[in-house]
Amino acid sequence: MKIGVLALQGAVREHCQAIRACGAEPVEIKYVDQLQEIDGLIIPGGESTTVGKLMVRHEMIEPLQRMGAEGFPVFGTCTGLILLAKDIHGSDQPRLGLMDMTVERNAFGRQIASFEMDLSIPEIGGPDFHAIFIRAPYISRVGPGVRVLAEYEGKILMARENNLLAAAFHPELTEDLRIHRYFLEIVSNYIK
Ligand code: GLN
């Protein structure tokens, strides 16, 4: 199973390590043609306006919109979550817009740029997940097709819409592979 990690900007290496640790093959994606070689794609954290502009420049937006709508699995962490959202509060920045949800960027205030917390995510099983947030967004609204997988004090922090998965935090920065495994399961169902 080949999992692409969008490598235009952001935390690419840690996702590749996590994918390898799960027994799959990571592929750094820099060009649109490479999308044909992979079974699923991770969009890592970074700066969503920059990554969105680079995706426009690399002509990746439309092909990924088409693939995502046809069932191709995409997992967005942090910036990736923002780019998956249909609505970004107060912004018209480029995006994939594949998930029916509204996100708030830098939503935890500037003074707490990053923080960590143990988050209950029943869907992945086991104990709370140690979640690391870096200038994180959160989801403020989800449409009827979107399932909330984790929330804290009314802020949605992880969600899934069929083949699309989004997390406001950085699972690649911990040793815990449960969320990457969960995504790989979505991918293996897509291949079948
Ligand atoms: N605040 C960033 C943005 O708006 C996201 C931060 C991150 O990916 N860690 O893109």
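Residues numbered from 1 in each chain as written. Predicted model: local features only at pLDDT ≥ 70, side-chain atom pairs only at ≥ 80, totals over all residues. Heavy atoms only, no water.

Remarks on the overall build of the chain
Consideration 1: Scanning the chain for helices and strands turns up 5 helices and 12 strands.
Consideration 2: Dimensions of the chain, computed from C-alpha atoms along their principal axes, come out at roughly 40 × 40 × 30 Å.
Consideration 3: Here the chain holds 192 residues, and 55% of them are scored as buried.
Consideration 4: Long-range contacts, defined as pairs at least 24 residues apart, comprise 65% of the intrachain contacts of the chain with a sequence gap of at least 6. (Helix = DSSP H or I, 4+ residues; strand = E, 2+ residues; numbered from the N terminus. Buried < 20%, exposed > 50% of the residue type's maximum accessible area, 1.4 Å probe, protein only. Contact = heavy atoms within 4.5 Å.)

Some points on the pattern of salt bridges
Consideration 1: If you walk through the whole model with that rule in mind, you get 7 salt bridges.
Consideration 2: For Glu14, the salt bridge identified is with Arg13, shortest N-O distance 3.6 Å.
Consideration 3: Judged by its relative accessible area of 22%, Glu14 falls in the partly exposed class.
Consideration 4: Note that Arg141 and Asp87 form a salt bridge whose closest N and O atoms lie 3.1 Å from each other. Highlighted residues: Arg141 in strand S9 (residues 138-142) and Asp87 in strand S5 (residues 85-88), separated in sequence by 54 residues.
Consideration 5: A relative accessible area of 31% means that Arg141 is categorised as partly exposed.
Consideration 6: Look at the salt bridges and you will find they share partners, linking Asp87, Asp100 and Arg141 into a network. (Salt bridge = Lys/Arg side-chain N within 4 Å of Asp/Glu carboxyl O.)

Some details on unusual backbone geometry
Consideration 1: If you check the backbone angles, Glu59 has positive phi at about 55° while not being a glycine.
Consideration 2: Here Glu59 is to be found in the loop between helix H2 (48-57) and helix H3 (61-69).
Consideration 3: We note that Cys78 has phi near 60°; this positive angle belongs to a residue other than glycine.
Consideration 4: Assignment of secondary structure puts Cys78 in the loop between strand S4 (74-77) and helix H4 (79-84).
Consideration 5: Accessibility expressed as a relative area gives 4% for Cys78, which makes it buried.

Structural notes on the site of the ligand
Consideration 1: Close to the ligand lie Gly45, Gly46, Glu47, Ser48, Cys78, Thr79, Ile82, Arg105, Asn106, Ile134, Arg135 and His170, which account for all nearby residues.
Consideration 2: One nitrogen or oxygen atom from the side chain of His170 is found 3.0 Å from a nitrogen atom belonging to the ligand.
Consideration 3: Here the ligand loses 96% of its free accessible area of 300 Å² to cover by the protein chains.
Consideration 4: Class assignment of the residues belonging to the shell around the ligand gives a composition of 3 nonpolar, 6 polar and 3 charged. (Near = heavy atom within 4 Å. Polar contact = N/O pair within 3.5 Å; in protein donor to acceptor, adjacent residues only side chain to side chain. Areas by Shrake-Rupley, 256 points an atom, 1.4 Å probe, with all protein chains shown as cover. Nonpolar A, V, L, I, M, F, W, Y, C, P; charged D, E, K, R; others polar.)

Structural notes on helix H5 (residues 178-191)
Consideration 1: With 14 residues, H5 ought to run about 20 Å at 1.5 Å a step, and its terminal C-alpha atoms sit 20 Å apart, in line with that.
Consideration 2: Within the sequence span of H5, burial applies to Arg178, Ile179, His180, Tyr182, Phe183, Leu184, Ile186 and Val187. (Expected span 1.5 Å × (residues − 1).)

Thoughts on the side chain of His170
Consideration 1: Mapped onto the secondary structure, His170 falls in the loop between strand S12 (164-167) and H5.
Consideration 2: A polar side-chain atom of His170 sits 2.8 Å from a polar atom in the side chain of Glu172.
Consideration 3: The residues contacting His170, other than those within four sequence positions of it, are Gly45, Cys78, Ile132 and Ile134.

Regarding the nonpolar core
Consideration 1: If you look at the biggest cluster of nonpolar residues, it comprises 67 residues, and the most contacted ones within it are Leu6, Leu41, Met55, Leu64, Ile121, Met158 and Phe169.
Consideration 2: In terms of residue count, the dominant contributor to this core is H5 (6 residues).
Consideration 3: Sequence-distant contacts of Leu41, defined by excluding residues within four places in its chain, comprise Gly4, Val5, Leu6, Ile29, Leu35, Leu64, Phe72, Pro73, Val74, Phe75 and Phe183. (Core = buried A, V, L, I, M, F, W, Y, C linked by side-chain atoms within 4.5 Å.)

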